[in-house]
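Reading the structure
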Amino acid sequence: MMLLKFITLTTFFLTSIFGFAQHKIKIDAKLDTINHTIQISQKVVYKNTSKDTLSQILFHDWANSYSDKETPLAKRFEEDYKRNFHFASDEDRGFTKIDSIYNTTKNILNWRRYNKIQDILEVKLNKRLAPEDSTTIYFSYSVKLPHDKFTGNGYTNENNYNLRYWYLVPAVYNAKWETYSNKDLGDFYAPLASYEIEFSVPNTYTLTSGLKQSEQEIDNKKTVSLIGNNQREIKLYIQKKSNFYSLKTDEFELVTNILEDKVEESKKLYIANKMVLFLKENLGNYPLEKLMVSNIDQRKNPIYGFNQLPEKFRPFSNEFQFEMSLLKSTIDAMLESTLVINPREQKWVSDGIWVYLMMNYIDTYYPDMKLGGSISEIIGLRWFHAAALDFNDQYYLGYKNMTRRFIDQSLKTPRDSLLKFNYNIANTYKAGLGLKYLEDYLDDESVSLSIKEFYSNYKLKQTSTKSFQNILESSANKNISWFFEEFISRNDKLDFKIKKVEKKGDSLIINLKNREKNTMPFSISTIKDEKVIDKIWVDGFLGKKQIVIKNNEADKLVIDYDKNIPEVKRSNNYKNLNGLFNKPLQIRLLKDVEDPSKNQTFFMPVIEFDNIYDGLTLGGKLYNKTIIKKPFIYKITPTYGFKSKALIGSASLVLTEQIKESGWYAYKIGLSGNRTSYAPKLFANSFTPYINFNYRDKDLRSNLQQTISLRSVNISKDVDLKIPLETPNYSVFNTRYLFSNSNFSNSIVFQGDYELSKKFSKVSIIAFYRKLFLSNRQISLRLYAGTFLNNNTKADNGYFDFALDRPSDYLFDYEYLGRSENNGLVSQEYITAEGGFKSVLDTRYANQWLTTLNGEVSIWNWIHAYGDIGFLKNKGISPYFAYDSGIKLSLVADYFELYFPVNSNNGFELGQDKYEEKIRFKVTLNVSTLIKLFTRRWY
C-alpha cells in the first residue's frame with residue numbers, strides 16, 4: 001500500500017513539474033458546419049522560460065494566412081504558379097476574426113498584426129513578464145476555415161474537416177521571437193504545451209485526434225473532450241464517416257487513414273509492429289501513447305518513384321507499398337511530434353534521420369529490392385541499368401537530378417528559400433545520403449548510435465543542430481569537421497577523379513584530382529574479378545594529389561565502389577589496370593539511367609510531325625543523354641519524311657559548365673545542324689556554332705534570369721523558282737541579351753538583339769510587361785522596335801525585312817507548321833514575334849524600321865481583348881500607321897490560343913467575307929516546350 005501511494009505521489013509530483021514547465025492551453029470550440037467556421041474561447045497560460053523580460057508575446061495565427069491575395073501564403077502560391085487561390089471566391093478562403101483579448105483582471109490587451117504580417121499576432125502585456133513568471137491571456141475569436149483544395153487543410157466538398165493550424169499558438173522565444181508565416185511547407189514551429197480542449201460538433205460527425213479523448217451528446221450536439229501533454233500541435237479530423245483506424249502496436253497506438261484495401265487488417269498490424277520494433281531499436285522509445293498519421297501528409301510528401309504510377313502498372317506489391325508509405329509517414333510524425341527543433345532553419349537533421357532510417361530499413365528487411373520492383377524481372381526491361389539499381393539508389397538519383405541542373409541548394413538554406421523539388425526531394429535525400437557517407441567514412445556504428453542518443457536525450461526538449469553535431473563529433477573516431485563545415489554548411493559538389501595510374505614494382509602510383517573546391521574524403525577500392533580486395537580512405541585535399549598503394553594485381557581501381565558518396569559525377573571514378581579501354585562501350589535501346597561504369601550510347605526510334613512539307617517523319621536518335629542531365633550531350637537524329645520522301649534530321653553537340661553558384665554562373669558551348677523542308681520539295685540546311693552565358697540570382701527561387709548568346713547562323717537553301725532569293729545561302733552573326741523576371745502574377749521581359757550579315761545589319765528590342773491585379777484583371781503590354789543599320793537586300797524580295805504579323809524566320813528559330821504558306825489553315829498560325837500583329841494588312845513588311853505596341857486585357861477568365869498599333873517605314877515611302885483589335889481565347893496561356901480579329905486597317909473584319917480565314921491560332925507541339933508547362937512548378 002505504501003509503495004502504491006509513493007508511486008502515485010511521485011507521478012503527480014513529476015507531472016506537475018513537467019506540466020508547469022510547459023505552456024498551458026485550454027480551448028472551447030464550436031464548429032458551424034453551415035458557414036464552415038469555428039467559434040473559439042481560448043485560455044493561454046504562458047510561462048517565460050527565457051532569461052529575458054518580455055513586454056509582448058507573439059502568436060502564430062496561421063488560420064489567417066488564407067485571408068487575402070497578399071499574404072505570405074498567397075505569394076508563395078504565385079511563385080509556384082498555383083492559380084486556384086488567386087481566382088478563388090471569398091467563400092473558399094479563410095480568416096481569423098479577433099473579438100477580444102484580455103487578461104485575468106478582464107483588462108483589454110492591445111494587439112496588432114506583427115510587422116503587418118497577416119498570420120502573426122502580437123499581444124502587448126499590461127505588465128512586463130520576468131523570467132520564470134507566467135501570465136494568462138484570454139482570447140475570443142472565430143476562424144473561417146478555407147477550402148481544402150489549397151493545402152489539404154480546411155473543409156472538403158463532402159463537408160468533412162481537416163483541421164491544422166486552426167487555433168492561436170505562442171511562438172518560440174529563444175533570445176528572440178522565432179516567428180514564421182505559413183507557406184504551405186508543413187514547418188509549423190511551436191513550443192511544447194499541455195492542452196485541454198472541449199470541441200462541440202454535430203452528433204453526425206466523428207472527431208479523430210492524437211490525444212486522449214472522451215465524448216458526450218446533448219441536444220444533437222456532440223462535445224469531445226481532448227487532453228494531452230507535451231504536444232507541439234493539435235491536428236483534428238472531423239468527418240461524417242471516419243476513415244481512420246487504429247493499429248495498437250506493442251509500443252503505442254498508431255491512428256491512421258493511410259488505406260490499402262487489398263492488405264488484410266492482420267497484415268497491417270503485423271507491418272506496424274515490425275516497423276515500431278525497428279524504430280525502437282534504431283531510434284528509441286516513443287514517449288507519447290498515441291501517434292496519428294494522416295494520408296494528407298502522406299500525399300503531400302509521398303515516397304516518390306514507381307509507386308506513383310497507376311495501380312495496374314505499379315511494380316511493387318500492395319503490402320510493400322503500404323509498408324513504405326506507413327513507415328515514411330510514421331517516422332515523419334514521430335520526429336515532428338517529439339523533436340522541438342526549428343523546422344524552417346534546421347530541418348536537415350530530422351530529414352537526414354528519416355532517410356537514414358528508411359535506407360537502413362530496406363537494407364535490413366529488403367536487401368535485394370530493386371528500384372524497378374517487378375519490372376526488373378521482365379525480359380527486355382531488365383536489360384536497363386535502372387532495373388539493376390537498388391531501391392535505395394532513388395535517394396542519390398533525386399539529389400543528383402538537381403546538382404546536374406546546377407540548382408541544388410545548401411542544407412542550411414531555409415525551407416522557404418528552397419526550390420520545390422529541393423524542398424520535397426533533393427535536400428531531404430542529400431541529408432540522409434550525408435549520414436550514410438559519414439557512416440561509411442567512420443566504418444563503425446557511431447552514426448546510428450549518435451542518432452539514437454540524440455533522440456533519447458532531446459525528445460520533448462528544445463534542441464538544435466548544434467546538439468546533434470556535438471553528439472556525432474564526440475562519438476566519432478576520426479575528425480569529421482568537414483562534414484559540418486563543408487557538406488552541411490556549403491553547397492559544394494563532390495567530384496573526384498583518377499587521372500593516371502603507374503605500376504612501379506610492387507606499388508601503384510595513383511594521381512588523383514579533386515575537381516571541386518572542398519576537402520571532403522573519399523575511398524578507393526582495388527577490384528579483382530569484380531570483388532573488393534582492399535579499400536582505403538583518402539583524406540580531403542584541394543587540386544591534385546599522388547598516393548602510393550600496394551600492387552595486389554587488381555583489375556581496376558574504383559573511387560567509392562560502395563556508392564555511398566553523393567558525387568555529382570561518378571563516371572570518372574573508374575580506372576582499368578588491364579586492357580586497352582578504360583570502360584566498355586554499351587549501346588542500349590531507349591534512354592536509361594546513367595551507368596558510370598560504362599560508356600553509354602542510346603538509340604531511340606523517332607516518330608514526329610514537324611511541318612506539313614515533311615509530314616510524318618520516322619527515324620532514330622543516337623545520343624548519350626541519360627534520364628538525368630549530363631554536362632556533355634551529343635545527339636544525332638536522322639529521319640525520313642514520308643511526304644517529302646527525303647532524308648532530313650538534326651545533330652548537336654553541347655557542353656555545359658558551371659563556374660560559380662550565382663551571378664554569371666554557367667556557360668554553354670554548342671554546335672547544331674539541321675536539315676528540313678521549308679517549302680514543298682525544297683530544303684534548308686543550317687549549321688550554328690554558339691555560346692551562351694547564363695546569369696541567375698543568389699536566391700534560386702527568384703525567377704530573375706539573364707542570358708547573353710553569341711551565335712553564327714549559316715543557312716543554305718534550295719532555290720525557290722517562285723520566290724527567288726539573290727542570296728539563298730547566307731550567314732548571320734547574332735548576339736542577343738535576354739532579361740526576364742516572371743511569375744504567375746507579374747512578368748517583365750527585355751530582349752536586345754543585333755544581327756550582322758554581308759548585306760545587312762539590324763538592331764531590335766522587345767520589352768514585355770504583364771500584370772495580374774487583385775481584382776483578377778490582367779493586362780499585358782509588348783513593345784517592339786527595330787531598325788536596319790544598313791540594308792542591301794532589296795533583291796531578296798523582303799525576305800530579311802521586319803515583319804508586322806508573320807516573320808519569314810530566316811534564322812529558323814520558330815517551329816512553323818508551314819513557314820512558306822500564304823493561304824490555307826497553316827498560314828494562319830500565329831507566333832508572337834517582331835510586330836506581333838494578328839490581322840493581315842496590306843503592308844506587312846518594313847525594310848527600314850518598325851515600331852509596334854501590342855496590348856491585351858482580360859475580360860473574363862480565359863477571354864481577352866487585344867489591340868495592336870504601330871508604324872512601318874519602307875525606303876522612299878512615308879511611315880504606314882497600322883492598327884488592329886480583337887478577341888483572344890487563351891485556352892492554355894502561351895501554348896494554345898485563338899485570335900479573332902474585330903477591327904483593323906482592313907475595316908470591321910468581323911462582318912467581312914471568309915472571316916474564318918482571318919482567325920489566327922497559336923499551338924505548341926514541341927514536347928520539350930510542353931514539359932516546361934508542368935516542370936516550372938518544381939524548378
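Scoring rules and cut-offs
- Residues numbered from 1 in each chain as written.
- Predicted model: local features only at pLDDT ≥ 70, side-chain atom pairs only at ≥ 80, totals over all residues.
- Heavy atoms only, no water.
- Helix = DSSP H or I, 4+ residues; strand = E, 2+ residues; numbered from the N terminus.
- Buried < 20%, exposed > 50% of the residue type's maximum accessible area, 1.4 Å probe, protein only.
- Contact = heavy atoms within 4.5 Å.
- Areas by Shrake-Rupley, 256 points an atom, 1.4 Å probe, with all protein chains shown as cover.
- Lys, Arg positive; Asp, Glu negative; His and termini not counted.
- Charge placed at Lys NZ, Arg CZ, Asp CG, Glu CD.
- Axes fitted to C-alpha atoms, helices over the stretch in contact; angles between N-to-C directions.
- Parallel < 35°, antiparallel > 145°, perpendicular 65-115°, else oblique.
- Left-handed = near helix turned anticlockwise from the far one by under 90°.
- Nonpolar A, V, L, I, M, F, W, Y, C, P; charged D, E, K, R; others polar.
- 1 Å grid on protein atoms, 1.4 Å probe; cavity = no way out; pocket = protein on both sides within 12 Å on 5 of 7 lines; lining within 4 Å.
- Points joined across faces, edges and corners; volume = space filled by probe spheres on them.
- Phe/Tyr/Trp six-rings, centres within 6.5 Å; stacked < 30°, edge-to-face > 60°.
- Lys NZ or Arg CZ within 6 Å of the ring centre and 35° of its normal.
- Core = buried A, V, L, I, M, F, W, Y, C linked by side-chain atoms within 4.5 Å.
- Salt bridge = Lys/Arg side-chain N within 4 Å of Asp/Glu carboxyl O.
- Pairing = 2+ DSSP bridges.
- Polar contact = N/O pair within 3.5 Å; in protein donor to acceptor, adjacent residues only side chain to side chain.
- pLDDT = per-residue confidence, 0-100.

Summing up its helical and strand segments, the protein chain has 13 helices and 49 strands in all. With respect to the three principal axes, the spread of C-alpha positions in the protein chain is 115 × 85 × 55 Å. Buried positions account for 53% of the 939 residues belonging to the protein chain. Within the protein chain, contacts between residues at least 6 apart in sequence are counted, and of these 62% link residues at least 24 apart. Accessible surface, the protein chain: about 43,200 Å² in total, of which carbon and sulfur atoms supply 54%. Here the protein chain carries 127 positive and 109 negative side-chain charges, and the mean point of each set is 3 Å from the other.

In this section: the packing of helix 9 (residues 420-442) against helix 12 (residues 481-488). The geometry of helix 9 relative to helix 12 is characterised by a closest axis approach of 12 Å and an angle of 155° between their N-to-C directions. Judged by the inter-axis angle, helix 9 sits roughly antiparallel to helix 12. Between helix 9 and helix 12 the crossing geometry is right-handed. When helix 9 is examined against helix 12, the residues K430, G434, L435, Y437, L438 and Y441 are found in contact with a partner set consisting of W482, F483 and F487. Class assignment for the residues of the contact of helix 9 with helix 12 results in seven nonpolar, one polar and one charged.

A separate point is helix 2 (residues 72-79). Helix 2 sits mainly inside the fold: six of its eight residues count as buried. The set of residues buried in helix 2 consists of P72, L73, A74, R76, F77 and E78. Of the residues trailing helix 2, Y81 is marked for its positive phi of about 60°.

Here we come to empty space enclosed by the protein. With the rule as written, the count across this model stands at seven cavities of 30 Å³ or more. Of the volumes computed, that of the largest cavity is approximately 140 Å³. Surrounding the largest cavity, 13 residues form its lining, Y396, K400, R570, E594 and P596 being those nearest its centre. The element contributing the most residues to the lining of the largest cavity is helix 8 (residues 393-404), with five residues.

Before going further, it helps to spend a moment on the packing of aromatic side chains. According to the stated counting rule, one finds 56 aromatic pairs in the structure shown. Taken together, a centroid distance of 4.9 Å and an interplanar angle of 70° make the contact between W62 and F188 edge-to-face. On the criterion of sequence distance, the pair formed by W62 in the loop between strand 3 (54-60) and helix 2 and F188 in the loop between strand 12 (177-178) and strand 13 (193-202) is long-range, its members being 126 residues apart. On the basis of relative accessibility, which here comes to 1%, the residue W62 falls in the buried class. By the ring-pair criterion, three or more aromatic residues cluster together here, those being Y730, F760, Y784, F788, Y799, F800, F802 and Y810. Looking at K106, its charged tip hangs above the ring of Y138, at a distance of 5.8 Å from the centre. Sitting over the ring of F683, R675 keeps its end group 4.5 Å from the ring centre.

Despite not being glycine, Y81 shows a phi value in the positive range, around 60°. For Y81, the location among the structural elements is in the loop between helix 2 and strand 4 (95-103). With a phi angle near 55°, D219 is a residue other than glycine that sits in the positive phi range. Taking the relative accessible area as the measure of exposure, D219 reaches 70% and is therefore exposed.

This part takes up the nonpolar core. Nonpolar side chains tend to gather and get buried jointly when the protein is soluble and globular. In terms of nonpolar packing, the biggest core is built from 107 residues, with I480, I510, L512 and F522 touching the most fellow members. When sequence neighbours within four positions are dropped, the list of residues in contact with I510 reads I498, K500, V501, K545, Q546, I547, I549 and L557. Residues I57, I137, L145 and I234 belong to the second largest nonpolar core, which totals 52 residues.

With that settled, consider the pattern of salt bridges. With the rule as written, the count across this model stands at 54 salt bridges. E132 serves as the salt-bridge partner of K47, at 3.4 Å between the closest nitrogen and oxygen. Here K47, found in strand 2 (residues 37-47), pairs with E132, found in the loop between strand 6 (120-129) and strand 7 (134-144); they are 85 residues apart in sequence, far enough to count as distant. Salt-bridge contacts for D187 lead to R344; the nearest nitrogen and oxygen are separated by 2.6 Å. Residue D187 is found in the loop between strand 12 and strand 13, and its partner R344 is found in the loop between strand 21 (339-340) and helix 6 (348-365); the two are separated by 157 residues along the sequence. Among the charged side chains, a salt-bridge network with shared partners connects R164, E233, K235, D297 and E336.

To continue, consider the sheet that holds strand 5 (residues 111-113). Sheet strands line up and pair through hydrogen bonds in the backbone, either parallel or antiparallel. Across the sheet, which stays open at both edges, the four strands sit in the order 5-6-3-10 with antiparallel pairing between neighbours. Strands with a single pairing partner mark the edges of an open sheet, and in this sheet they are strand 5 and strand 10 (169-170). Alignment of strand 3 against strand 6, held across six bridges, turns out to be antiparallel. Across the sheet, the residue bridging to L54 is L129, located in strand 6.

Further remarks concern the pairing of strand 23 (residues 496-504). One face of the sheet, then the other: side chains in a regular strand alternate in exactly this way. The pairing of strand 23 with strand 24 (residues 507-514) spans eight bridges and is classified as antiparallel. The partner of I498 across the bridge, within strand 24, is L512. Hairpin connection between strand 23 and strand 24: a loop of two residues separates the two successive antiparallel strands, and G505 in this loop has a positive phi of roughly 65°.

With respect to the secondary-structure elements, L371 resides in the loop between helix 6 and helix 7 (385-388). Given a relative accessible area of 11%, L371 falls into the buried group. Placed 181 residues apart in sequence, L371 and A190 show a C-alpha to C-alpha distance of 37 Å.

With that out of the way, let us pick up the environment of E486. For E486, the position within the fold is in helix 12. The buried category is assigned to E486, whose relative accessible area is 7%. Through-space distance from the C-alpha of E486 to that of R806 is 54 Å; in sequence the pair is 320 residues apart. In this structure, E486 is in contact with D492, N518, T519 and M520, ignoring residues within four places of it in sequence. Looking at E486, its side chain comes within polar contact range of the side chain of T519, at 2.9 Å.

On to the confidence of the model for the protein chain, then. When pLDDT is averaged along the protein chain, the result is 91, and 94% of the positions lie at 70 or above. Across residues 1-20, where pLDDT falls below 50, the model places five contacts with residues more than four positions away in sequence or in other chains.

If you trace the three strands from one edge of the open sheet to the other, you get 18-19-20, paired in mixed fashion. Because the sheet does not close on itself, it has two edges, and the strands there are strand 18 (245-248) and strand 20 (290-293). Neighbour-to-neighbour, the strand axes of this sheet turn through a mean angle of 20°, independent of strand direction. Strands in contact with helix 3 (residues 265-282) are strand 18 and strand 19 (253-256); relative to strand 18, the strand with the most contacts, it is inclined by about 50°. Each of strand 18, strand 19 and strand 20 touches helix 5 (residues 318-338); the most contacted strand, strand 20, lies at about 120° to it.

Glancing now at helix 11 (residues 465-475). Each full turn of the α-helix corresponds to 3.6 residues, which orients residues three or four apart in the same direction. Of the positions making up helix 11, those classed as buried are T465, S467, F468, Q469, I471 and L472. Buried residues along helix 11 sit in contact with helix 6, helix 9, helix 10 (446-458) and helix 12.

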